[in-house]
Structures are given as C-alpha cells and as structure tokens.
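# Architecture and fold: a report
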Amino acid sequence: MLENNNAQSDEFNLSLGQAEGLQALNEHRSLTYATTVISCDLKLVDHTIQDKTGFANGLPVYEVIRLRKVNGKNAVLNISYFNAQIVVNLTKEIAQQSIYNYLQERLGVKIAIIKRQLKIESTTALDDQYLDLELNNCIGNMISIGFNDSGKHFEYTESHFIPGQFAFTQLIKY
C-alpha cells in the first residue's frame, strides 16, 4: 500500500495519468468550485480547427469554452472540441455539469485512451479576458486528446492554467 504523500501547499493537484477532474482530485481540501459555460456551439471543422485538433475537415464538432473558478479565482480556461457524431446533442446545461459523465452514463461511450501533453505558452486574447493572470504573460496548457474503445477520436481539449496555482503529478510504478 502506498502512503499518501501530498505536500500541503497552495497549489491545486492534477494528475496526468487519471481522468479525474480538479474537484475529484482535491476533494480532501476545502476548496470552492464553480464552472461558467462561456459557449457551446456546433461547428464544422475548418482548416484552423483541423490543424489544432486533428479532426477531419468538415466534421461536425461542438466547441465548448468553460471557465473554472477555484476559491473565487478564475483559474482554468477549458477550450474543447467534441466529435458531434459521438458526443451527440451536447448542450450548455450538460457542459455546465460533467461532459464525461454524460458520455459514459447517458451515451454509453467507453473511453479507452486519453493522451496528454503539457506546454508553457504565451497567453491568448481569451486567456487575457477570462483568467486571473495578474502579471503573468504565459499559461500552462494541458492538451488532452480522447479516443473511445473503437479507436475513434472524440475529444480535443486545451486546459489553460494560471501559473503558480497547479501541481501536476504522475505516479510511475516499476
């Protein structure tokens, strides 16, 4: 049995190796969470979206932009694209709750693989508008690309984090 060795800090914990969200991974801490859905729009993939996400040109996708507030601070901006042929009838109300719960419980989608990549990037106009960046001109960007058990690409998400607020962890077992 592994001992829980989380150092206490002001950082919010996130796992690179699990699909749990910010709230589930920090349930032992007294934090307040709020999600604001900025937009949830059905679009057709154009060359710009294709280059970013890897979705095929012309594919219908839902573009979902959500702001995550933690302890009153605008801390995470999620910019997601969901394959509308797999994630059907996505609404702002569903996006306000849990898209993954909707996928698994309501649609019966079996999530097989989530590929994650971390980058440090310059802020975008959306970051400047929505995140509490203070003097920062960069963000942490965790890119998640999801595939179902049939190997179909169903999600591309960029999670933009304000610097100094998050600790990413990965347990490596030998």
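The structure displayed is predicted, hence computed values, not measured ones.

## Examining the nonpolar core
In terms of nonpolar packing, the biggest core is built from 24 residues, with Phe55, Tyr81 and Leu131 touching the most fellow members. Among the elements of the structure, strand 3 (60-70), strand 4 (73-83), strand 6 (138-148) and strand 7 (153-161) are those that each provide at least two residues to this core. Examining the composition of this core, we find that five residues originate from one element, strand 4, more than from any other. What Phe55 contacts, discounting residues up to four positions off in sequence, is Val45, Gln50, Val61, Tyr81, Asn83, His153, Phe154, Glu155 and Tyr156. One finds Ala84, Ile86, Val87 and Ile99 within the second-largest nonpolar core, a separate group that totals 17 residues.

## Points about the side chain of His160
Note on placement: His160 falls in strand 7. Here Asp127 takes part through its side chain, which lies 2.7 Å from a polar atom of the side chain of His160. Residues contacting His160, with those up to four places away along its chain left out, are Ala75, Val76, Leu77, Ile79, Asp127, Leu131, Ile139, Gly140 and Asn141.

## Focus on helix 4 (residues 99-106)
Here helix 4 has its buried residues at Ile99, Tyr100, Tyr102 and Leu103. In an axial view of helix 4, the angular spread of the buried residues amounts to 165°, which keeps them on one side of the axis. Helix 4 presents Glu105 and Arg106 as exposed residues on the side facing more than 90 degrees away from its buried surface. On the buried face of helix 4, the contacting elements are strand 3, strand 4, helix 3 (92-96), strand 5 (111-122) and strand 7. Just downstream of helix 4 lies Gly108, where phi reads positive at about 70°.

## Focus: the sheet that holds strand 2 (residues 33-44)
The strand order 2-3-4-7-6-5 describes an open sheet built from six strands, whose pairing is antiparallel. The open sheet terminates on both sides in strands that have one partner only, identified here as strand 2 and strand 5. The mean angle between the axes of side-by-side strands here comes to 15°, regardless of whether they run parallel or antiparallel. Relative to strand 7, strand 4 is paired through seven bridges, and the arrangement is antiparallel. What sits directly across from Asn78, in strand 7, is Ser159.

## What about the packing of aromatic side chains?
We describe a pair of aromatic rings using the distance from one ring centre to the other and the angle between the two ring planes. For the structure on display, the rule yields one aromatic pair. For the ring pair Tyr100 and Phe154, a centre distance of 6.2 Å and an interplane angle of 55° mean the geometry is tilted. With Tyr100 in helix 4 and Phe154 in strand 7, the pair connects residues that are 54 residues apart, well separated along the chain. A relative accessible area of 18% places Tyr100 in the buried class.

## A closer look at the pairing of strand 3
Burial within strand 3 is extensive, with eight of its eleven residues counted as buried. Bridge count between strand 2 and strand 3: eleven bridges; the pairing is antiparallel. The partner of Leu44 across the bridge, within strand 3, is Pro60. Across ten bridges, strand 3 lies against strand 4 in antiparallel orientation. Bridge assignment links Arg66 to a residue of strand 4, and that residue is Asn78. The turn linking strand 3 back onto strand 4 is made up of two residues, and Asn71 within it adopts a positive phi angle of 50°.

Quick notes on the rules
- Residues numbered from 1 in each chain as written.
- Predicted model: local features only at pLDDT ≥ 70, side-chain atom pairs only at ≥ 80, totals over all residues.
- Heavy atoms only, no water.
- Core = buried A, V, L, I, M, F, W, Y, C linked by side-chain atoms within 4.5 Å.
- Buried < 20%, exposed > 50% of the residue type's maximum accessible area, 1.4 Å probe, protein only.
- Helix = DSSP H or I, 4+ residues; strand = E, 2+ residues; numbered from the N terminus.
- Contact = heavy atoms within 4.5 Å.
- Polar contact = N/O pair within 3.5 Å; in protein donor to acceptor, adjacent residues only side chain to side chain.
- Arc of directions from axis to C-beta.
- Pairing = 2+ DSSP bridges.
- Axes fitted to C-alpha atoms, helices over the stretch in contact; angles between N-to-C directions.
- Phe/Tyr/Trp six-rings, centres within 6.5 Å; stacked < 30°, edge-to-face > 60°.

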